[in-house]
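Fold and geometry: a report
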Amino acid sequence: MGEAERGDAAPRLYVSYFCSHGHETRPAFAAEATIPDHWDCPRCGLPANLDSLNPPPAPKTEPYKTHLAYVKERRSDKEAADILTEALIMLRARRDRGEVLY
Ligand SMILES: [Zn+2]
């Protein structure tokens, strides 16, 4: 971009970065700039590095879990069912008392 304006643009270094989705991005750096080890993939936002055969793994993002999923993780299904039943009973009791439920 703009490099041909006066024909004496500073030398640029194009460096390829690779993300784990197989995207390649080639930002240009000034020749004297320090080349970073990592670069964020502009296409998917994952981290990318200089090693096409060994791109950085996607960061572990916790998938969205429902409250029930968390409960199930910690307890057996039976216990979870009991807790759920109990919660429903409490909710119904609150509703019966005319409380506003959120
Ligand atoms: Zn990518």
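Right, let's walk through the structure included here.

Analysis parameters
- Residues numbered from 1 in each chain as written.
- Predicted model: local features only at pLDDT ≥ 70, side-chain atom pairs only at ≥ 80, totals over all residues.
- Heavy atoms only, no water.
- Pairing = 2+ DSSP bridges.
- Helix = DSSP H or I, 4+ residues; strand = E, 2+ residues; numbered from the N terminus.
- Buried < 20%, exposed > 50% of the residue type's maximum accessible area, 1.4 Å probe, protein only.
- Donors = N, O, S within 2.8 Å, 3.2 Å for Na, K, Ca; no water.
- Tetrahedral: all angles 85-135°; square planar, octahedral: opposite > 155°, others 65-115°.
- Phe/Tyr/Trp six-rings, centres within 6.5 Å; stacked < 30°, edge-to-face > 60°.

What follows covers the sheet that holds strand β6 (residues 47-49). Read from one edge to the other, the open sheet built from four strands follows the order β3-β2-β6-β5, with strand pairing classed as antiparallel. On the outer flanks of this sheet lie β3 (24-25) and β5 (38-40), each paired with one strand and no other. For strand β2 (residues 17-19) and β6, the ladder comprises two bridges, and the chain directions are antiparallel. Residue pairing in the sheet places Cys 19 in a bridge with Ala 48 of β6.

Now for the side chain of His 23. Checked against the element boundaries, His 23 lands in the loop between β2 and β3. Judged by its relative accessible area of 16%, His 23 falls in the buried class.

All right, on to the coordination of the zinc ion then. For the zinc ion, the full set of protein donor atoms is Cys 19 (SG), His 23 (ND1), Cys 41 (SG) and Cys 44 (SG), at a range of 2.0 to 2.3 Å. If you look at the zinc ion, its four donor atoms make angles of 106 to 116 degrees with each other, and the shape they trace is tetrahedral. In the primary structure, the donors to the zinc ion are separated according to the pattern C-x3-H-x17-C-x2-C. Of this pair, Cys 19 sits in strand β2 while Cys 41 is found in the loop between β5 and β6, placing the two residues 22 residues apart along the sequence.

Here the focus is the packing of aromatic side chains. Applying the stated rule across the entire model yields three aromatic pairs. Judged by centre distance (5.7 Å) and plane angle (25 degrees), the rings of Tyr 17 and Trp 39 are stacked. On the criterion of sequence distance, the pair formed by Tyr 17 in strand β2 and Trp 39 in strand β5 is long-range, its members being 22 residues apart. Plain terms: the ring middles of Phe 29 and Trp 39 are 5.2 Å apart, the flat faces sit at 85 degrees to each other, and that makes the pair edge-to-face. Residue Phe 29 is found in strand β4 (residues 28-30), and its partner Trp 39 is found in strand β5; the two are separated by 10 residues along the sequence. The class of Phe 29 is buried, set by a relative accessible area of 9%. Since its relative accessible area comes to 30%, Trp 39 is described here as partly exposed. Through successive ring pairs, a cluster of aromatic residues spans Tyr 17, Phe 29 and Trp 39.

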